[in-house]
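Topology and contacts: notes
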Amino acid sequence: MPNLSSIEIQVRSTEIDVNGHVNNAKYLEYLEWGREDWFEANGLDYDTLKSQGAVTVTAKVTANYRREAVQNDRLRVQTSLLSVGNSSFRMSQEITNQQGQLVLDAEFVIVTVDPATHTSVRVPDSIRGVLPSHGR
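Description of the structure in this document. Remember, predicted model here, so these are calculated numbers, not experimental data.

In this section: the overall build of the protein. A tally of helices and strands in the protein yields three helices and five strands. Order of helices (α) and strands (β) in the protein, N terminus to C terminus: β-α-α-β-β-β-β-α. Taking 136 residues into account, the globule formula puts the C-alpha radius of gyration at 14 Å, and the protein, at 16 Å, falls close to it. With 136 residues in all, the protein has 35% of them scored as buried. Summarising the internal contacts of the protein: among those between residues at least 6 apart in sequence, 66% fall at separations of at least 24. Here the protein has roughly 7300 Å² of accessible surface; of this, 45% comes from carbon and sulfur atoms.

Looking now at the pairing of strand E5 (residues 102-113). Where strand E2 (residues 55-65) lies against E5, ten bridges are found, and the strand directions are antiparallel. When the bridges of E5 are listed, Val-55 appears paired with Val-113. Pairing of strand E4 (residues 88-96) with E5, which is carried by nine bridges, proceeds in the antiparallel orientation. Of the residues in E5, the one forming a bridge with Ser-88 is Val-111. Count of turn residues in the E4/E5 antiparallel hairpin: five residues, of which Gly-100 carries a positive phi of about 80°.

The next point concerns a nonpolar patch on the surface. Residues Leu-28, Val-61 and Tyr-65 make up a contiguous nonpolar surface patch of roughly 250 Å² in combined accessible area. Looking at where Val-61 falls in the secondary structure, it is placed in strand E2. According to the relative accessible area criterion, Val-61 is partly exposed, its value standing at 36%.

Among the nonpolar cores identified, the biggest contains 28 residues, and Tyr-30, Leu-81, Phe-89 and Ile-95 are the most heavily contacted of them. Put simply, the parts of the chain that give this core at least two residues each are strand E1 (4-10), helix H1 (24-41), strand E3 (74-84), E4 and E5.

The next subject is unusual backbone geometry. Notably, Asn-72 is not glycine yet its phi reads approximately 75°, a positive angle. Exposure remark for Asn-72: the relative accessible area of 48% places this residue in the partly exposed category. Phi at His-118 takes a positive value of approximately 60°, unusual for a residue other than glycine. Looking at where His-118 falls in the secondary structure, it is placed in the loop between E5 and helix H3 (125-128).

On to the sheet that holds E1, then. Across the sheet, five strands lie side by side as E1-E3-E4-E5-E2; this open sheet has antiparallel pairing. Two strands close off the open sheet at either side, each with one partner strand: E1 and E2. The mean angle between the axes of side-by-side strands here comes to 20°, regardless of whether they run parallel or antiparallel. Sheet contacts for H1: E1, E2, E3, E4 and E5; angle to E1, the most-contacted strand, approximately 135°.

For side chains bearing opposite charge, pairing can occur when the charged atoms are close. Per the stated rule, a full pass over the model turns up eight salt bridges. Residues Arg-12 and Glu-15 are paired through a salt bridge, measuring 3.6 Å at the closest nitrogen-oxygen approach. For Glu-15, a relative accessible area of 5% gives the class buried. Its salt-bridge partner being Arg-122, residue Asp-125 comes within 2.8 Å of it at the nearest N-O pair. Take Asp-125: its relative accessible area is 55%, and that puts it in the exposed class. On the basis of relative accessible area, Arg-122 is assigned to the partly exposed category, the value being 47%. Residues participating in the shared-partner salt-bridge network are Glu-8, Arg-74 and Arg-76.

Calculation rules
- Residues numbered from 1 in each chain as written.
- Predicted model: local features only at pLDDT ≥ 70, side-chain atom pairs only at ≥ 80, totals over all residues.
- Heavy atoms only, no water.
- Helix = DSSP H or I, 4+ residues; strand = E, 2+ residues; numbered from the N terminus.
- Rg over C-alpha atoms; globule rule 2.2 N^0.38 Å.
- Buried < 20%, exposed > 50% of the residue type's maximum accessible area, 1.4 Å probe, protein only.
- Contact = heavy atoms within 4.5 Å.
- Areas by Shrake-Rupley, 256 points an atom, 1.4 Å probe, with all protein chains shown as cover.
- Pairing = 2+ DSSP bridges.
- Patch = residues over 30% accessible without salt bridge, like charges linked within 9 Å, V, L, I, M, F, W, Y side chains within 5 Å.
- Salt bridge = Lys/Arg side-chain N within 4 Å of Asp/Glu carboxyl O.
- Core = buried A, V, L, I, M, F, W, Y, C linked by side-chain atoms within 4.5 Å.
- Axes fitted to C-alpha atoms, helices over the stretch in contact; angles between N-to-C directions.

Printed below as a string of structure tokens:
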């Protein structure tokens, strides 16, 4: 299973704020698209995880805005799994522009919860299996 996924997006006019660059909140949406791609590339879509007794909830995000992006920029969002704990895991993401310059880097702490009770549960082995054995 791939631990690195990559998607490309083009910045649209509706994503630009009054300062002429991508609104800071839009980046969180781009990052979410990247994480969804990572899950799907690993066969871990929502229904699959739910059938394994877990859904994911973002508990913490740390984002470092490095460079502005503007309308029509082509951005690449790369996502990887960093580490897995008992009931949470960490993911790393980077957004680069068409020149390969770092626009944003972020780290997410994601908790796995029971879909019925909304209480934390052990991270499923299907997620653990994506990380090389030395990183578990």
